[in-house]
Amino acid sequence: MNLEALCGEAGVSLYDKELVSENGKKIYRVYIMKEGGVSLEDCARLSEILSPIFDVEPPVNGEYFLEVSSAGLERKLNTLEHFQKSVGEKVKISTNKKENFQGKLVKVEGEDIFLQDEEGEICIKFNQIKKAKTFIEW
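An unreviewed UniProt entry annotates the protein chain as Ribosome maturation factor RimP of Campylobacter helveticus. The protein chain has a UniProt comment under Subcellular location (unreviewed entry) that states "Cytoplasm". Reading the Sequence similarities (unreviewed entry) entry of the UniProt record for the protein chain gives the comment "Belongs to the RimP family."

Right, here's the structure in full:
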């Protein structure tokens, strides 16, 4: 089962997936993105595509609930792919050396993350990032 291809069938792209336990229930969450934003209909369409497939090939063992959700405007950046999908957005980054950066994500080259702030371009090595997320200025 190729989750990315199934997301493509629904007209969205896969951002991330996770298995969490809330109130004693296992929840398999699929986070999606789409140019112009994700609608409730997008989530429902993907859920309708995934449900019968997961009935035959469950993504996890045991009983679980499937949730399809927008990745959101403000989201965690955990992988290089997350950074690549977020080029052009504003990000906040904390490094292992307790440095904090904020700016526009301009590009990702290999393991290098490039931000633009008021003072110019900053290059941060992916393996030096402790925490990162996109953010919106209201």
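A. Spotlight on the overall build of the protein chain. Summing up its helical and strand segments, the protein chain has three helices and eight strands in all. Its C-alpha atoms put the protein chain at 50 × 30 × 30 Å along the principal axes. Taken over 138 residues, the protein chain has a buried fraction of 36%. Sequence separation of 24 or more characterises 51% of the internal contacts of the protein chain that already satisfy a separation of 6 or more. Carbon and sulfur atoms provide 47% of the accessible area of the protein chain, an area that totals close to 8,700 Å². Looking at charge distribution, the protein chain has the averaged site of its 19 positive side-chain charges lying 6 Å from that of its 25 negative ones.

B. Just the UniProt feature "domain: Ribosome maturation factor RimP N-terminal" (unreviewed entry) in the protein chain, in detail. Following the UniProt record, one finds the feature "domain: Ribosome maturation factor RimP N-terminal" (unreviewed entry) at residues 3-74. With 33% helix and 35% strand, the stretch residues 3-74 has end C-alpha atoms that lie 23 Å from each other.

C. Here's a closer look at the sheet that holds strand S2 (residues 25-33). Strand order across the open sheet formed by three strands is S1-S2-S3, with mixed pairing between neighbours. The open sheet has two free edges, formed respectively by strand S1 (13-22) and strand S3 (65-70), since each of these has just one partner strand. Averaged over all pairs of adjacent strands, the angle between strand axes in this sheet comes to 25°, irrespective of strand direction. Bridging between S2 and S3 involves six bridges; their strand directions are parallel. Each bridged residue has a counterpart across the sheet, and for Tyr28 the counterpart in S3 is Leu66. Packed onto the sheet, helix H2 (residues 40-56) meets S2 and S3 and runs at close to 150° relative to S3.

D. Inspection of H2 at higher detail. Its 17 residues place the ends of H2 25 Å apart at the C-alpha level, agreeing with the 24 Å of an ideal helix rising 1.5 Å per residue. At Leu50, H2 shows its maximal kink, close to 30°; a proline, Pro52, follows between one and four residues later.

E. View of the side chain of Asp42. Structurally, the position occupied by Asp42 is in helix H2. The exposure class assigned to Asp42 is buried, which follows from its relative accessible area of 1%. At 2.9 Å, the side chain of Asp42 and the side chain of Lys34 are in polar contact. The residues contacting Asp42, other than those within four sequence positions of it, are Val12, Ile32, Lys34 and Gly37.

F. Quick peek at the pairing of strand S6 (residues 112-117). Burial analysis of S6 places five of its six residues in the buried class, the great majority of the element. The sheet contact formed by strand S5 (residues 100-109) and S6 spans five bridges and is antiparallel. Of the residues in S6, the one forming a bridge with Lys104 is Gln116. Linking S5 back to S6 in an antiparallel pair, the connection comprises two residues, with Gly110 at a positive phi of about 60°. In this structure, S6 lies alongside strand S7 (residues 120-125), joined through six bridges in antiparallel fashion. Looking across to S7, one finds that Leu115 is bridged to Ile122.

Cut-offs applied
Residues numbered from 1 in each chain as written. Predicted model: local features only at pLDDT ≥ 70, side-chain atom pairs only at ≥ 80, totals over all residues. Heavy atoms only, no water. UniProt positions renumbered as here; feature names shortened; annotations may be inferred. Helix = DSSP H or I, 4+ residues; strand = E, 2+ residues; numbered from the N terminus. Buried < 20%, exposed > 50% of the residue type's maximum accessible area, 1.4 Å probe, protein only. Contact = heavy atoms within 4.5 Å. Areas by Shrake-Rupley, 256 points an atom, 1.4 Å probe, with all protein chains shown as cover. Lys, Arg positive; Asp, Glu negative; His and termini not counted. Charge placed at Lys NZ, Arg CZ, Asp CG, Glu CD. Pairing = 2+ DSSP bridges. Axes fitted to C-alpha atoms, helices over the stretch in contact; angles between N-to-C directions. Expected span 1.5 Å × (residues − 1). Bend = angle between axes of the 7 residues up to and from the residue. Polar contact = N/O pair within 3.5 Å; in protein donor to acceptor, adjacent residues only side chain to side chain.

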